[in-house]
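# Close look at the chain arrangement
Single-letter residue listing:
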Amino acid sequence: MVKFAELREIARFLDELEAVSKLHPPLIPLGHWRERLDNIGLKIFSQRGHLKDSSELLLENTVHLPGTLSVGKSTLAFLLAVWSVYKGYRITLILNDVSSILRFVNEINQRLLHPVLRQKTHLFPMIEKADYARYQNTIRGSSFAVPILGRSSKAKHIEQLYQDSYEEAKRKNVSHINHYGWHYLNTACAIESHSLVSDDYAGPIPAGEFPCEKLGEASSDGRQIAQDKLCPLVNICPVHQSSRDIPTAPIWVCSPASLVSSKIPSNLLPYKMSYYELVYRASDIVVIDECDQAQSTFDDIFLPDSILAGPGQGHLLNDLAQRVAHMRNDQRSLPDLASRKWVRAVEIANSVTDQIYDVLTGPSSGQIRKWIGEGVFWNMNLFSMITW
């Protein structure tokens, strides 16, 4: 249960911290959090289905918070993230693009890691820990918020961050060098410094192409005896700063694509796991911004569609039929029983598809096409239509 009284205490804490930073650098731009929170109105449905004002938000199972543009949804998400830290929860925020992710991470760490908090502890919000708080202390690790980003696109992320941070710093009259995004987009490969003295040094490693889990091991005579080895310096390498901070950080920030596609480094887990699974297991709260766009991305990843058959090339069964024809001509491509079974299955699938196509395009197919419709058609769908 999120009480607006506690969110007001968080807003008070942020406003006072930002005001104090004028005399204790680095300067934090004023956010006017109490004013912004006071402009947010929350209405929930009563048991009779009527909307009524509420000062509490129950985060249980799935909760949708619709609202028009600039109504305060991002403000609420930011305050909720800070609230979760001092409440003792872990929260994951799924944003739409890398710029939003790095900006959110910077704004959280800029405030919660401000050095003035070590001296003026009275600024901290007066909020009781949850009964099952995941974190009992509030100062730990090197960051409160950590981005989850793919390593292969790091060069693109750096370029984007430079443009965004420079423009933002110029607008707010602060230095873009202190942006926490640079902390997580470091390209200083630890093992590269040891290769500088090598005779076969071929130049700096491009960003996103680090051989973290692709190192080889050679014997004294130069013969390779192992490959795909984990880098021994991965636990101190700046490239892996985010993965080292993730276990202790209470706020994880990612995009739908990075959440699903990025894998947890093998130095943290002995088996393969995506961050999607980790968030499911370890997060108390998950906030999804622009959930319709996130849902579209998840659908493309988890429910890809493909045209089975049709005129022209590029359809699944058409391509498989051509491949099977080549395999039939070259009997060496069918050395075992499993291969021959697979070929027969493809031929049967094409035969059934031809029969279905004939039924749907025959002279009396109008009623059938109308009955089936243009939506998804599968066996349970057919049984449902027959039943009802």
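Please refer to the structure higher up on the page.
To keep things clear, this report deals only with the structure shown in the data block.

Reading the values: the criteria
- Residues numbered from 1 in each chain as written.
- Predicted model: local features only at pLDDT ≥ 70, side-chain atom pairs only at ≥ 80, totals over all residues.
- Heavy atoms only, no water.
- Helix = DSSP H or I, 4+ residues; strand = E, 2+ residues; numbered from the N terminus.
- Axes fitted to C-alpha atoms, helices over the stretch in contact; angles between N-to-C directions.
- Parallel < 35°, antiparallel > 145°, perpendicular 65-115°, else oblique.
- Contact = heavy atoms within 4.5 Å.
- Nonpolar A, V, L, I, M, F, W, Y, C, P; charged D, E, K, R; others polar.
- Buried < 20%, exposed > 50% of the residue type's maximum accessible area, 1.4 Å probe, protein only.
- Polar contact = N/O pair within 3.5 Å; in protein donor to acceptor, adjacent residues only side chain to side chain.
- Phe/Tyr/Trp six-rings, centres within 6.5 Å; stacked < 30°, edge-to-face > 60°.
- Expected span 1.5 Å × (residues − 1).
- Left-handed = near helix turned anticlockwise from the far one by under 90°.
- Pairing = 2+ DSSP bridges.
- Core = buried A, V, L, I, M, F, W, Y, C linked by side-chain atoms within 4.5 Å.

### Regarding unusual backbone geometry
A cis amide bond links proline 25 to the next residue, proline 26, at an omega of 5 degrees. Tracing the backbone through its elements, the reader meets proline 26 in the loop between α1 (4–20) and α2 (33–38). At serine 70, a residue that is not glycine, the phi angle is positive and equals roughly 60 degrees. Mapped onto the elements of the fold, serine 70 is located in the loop between β4 (56–57) and α3 (73–87).

### A short note on the packing of α1 against α3
The description of two packed helices rests on the angle between their axes and on the distance between the axes. Closest axis-to-axis distance for the α1/α3 pair is 9 Å, and the angle between their directions is 95 degrees. The angle between the axes of α1 and α3 places the two elements in the roughly perpendicular class. Residue-level inspection shows Glu6, Leu7, Ile10, Ala11, Phe13 and Leu14 of α1 in contact with α3, the latter providing Leu76, Phe78, Leu79, Leu80, Val82, Trp83, Tyr86 and Lys87. A per-class count over the contact of α1 with α3 returns 12 nonpolar, no polar and two charged.

### A few points about the side chain of threonine 75
Following the sequence through the fold, threonine 75 ends up in helix α3. Judged by its relative accessible area of 8%, threonine 75 falls in the buried class. A polar contact is formed between the side chain of threonine 75 and the side chain of arginine 36, at a distance of 3.0 Å. Discounting residues that sit within four places of it in the chain, threonine 75 has contacts with Trp33, Arg36 and Ile40.

### Let's talk about the packing of aromatic side chains
Applying the stated criterion across every chain yields a total of nine aromatic pairs. Measuring from centroid to centroid gives 6.2 Å for tyrosine 276 and phenylalanine 298, while their planes differ by 70 degrees, and the two rings are edge-to-face. With tyrosine 276 in helix α10 (residues 275–282) and phenylalanine 298 in helix α11 (residues 291–302), this residue pair connects regions lying 22 residues apart in the sequence. On the basis of relative accessibility, which here comes to 37%, the residue tyrosine 276 falls in the partly exposed class. Residue class for phenylalanine 298 comes out buried when judged on its relative accessible area of 14%. In this structure an aromatic cluster arises from ring pairing among Phe13, Tyr86 and Phe124.

### Some points on α1
Spanning 17 residues, α1 covers 24 Å between terminal C-alpha atoms, matching the ideal 24 Å at 1.5 Å per step. The element α1 is largely enclosed, with a buried count of 13 among its 17 residues.

### Quick word on the packing of α3 against helix α4 (residues 98–112)
Running from N to C, α3 and α4 point in directions that differ by 45 degrees, and their axes come no closer than 11 Å. Between α3 and α4, the angle falls in the class oblique. The crossing of α3 and α4 is right-handed. Here Ala77, Phe78, Ala81, Val82, Val85 and Tyr86 of α3 come into contact with α4, specifically with Phe104, Glu107, Ile108, Arg111 and Leu112.

### As for the pairing of strand β6 (residues 145–148)
Every second residue of β6 is oriented toward a common face, with Ala145 and Pro147 on one face and Val146 and Ile148 on the other, all of them buried. Bridge analysis of β6 against strand β9 (residues 251–254) gives four bridges, and the strand direction is parallel. Paired with proline 147 across the bridge in β9 is valine 253.

### Points about the sheet that holds strand β5 (residues 91–94)
Judged by pairing direction, the sheet is parallel, and its four strands sit side by side in the order β6-β9-β5-β10 without closing on themselves. This sheet does not close on itself; its edge strands, each paired only once, are β6 and β10 (285–288). Here the strands of the sheet are splayed against their neighbours by 20 degrees on average, with no regard to which way each runs. Here α3 sits on the sheet in contact with β5, β9 and β10, set at roughly 160 degrees to β5. Against the sheet, α4 contacts β5, β6 and β9, and its axis sits at roughly 165 degrees relative to β6.

### Section: the nonpolar core
Grouped together as the largest cluster of nonpolar side chains are 70 residues, with contacts concentrated most on Phe13, Trp83, Leu93, Phe104, Ile108 and Ile251. The element contributing the most residues to this core is α3, with 10 residues. Ignoring anything within four residues of it in the chain, the contact list for tryptophan 83 reads Met1, Val2, Glu6, Leu7, Ile10, Tyr89, Ile127 and Ile285.

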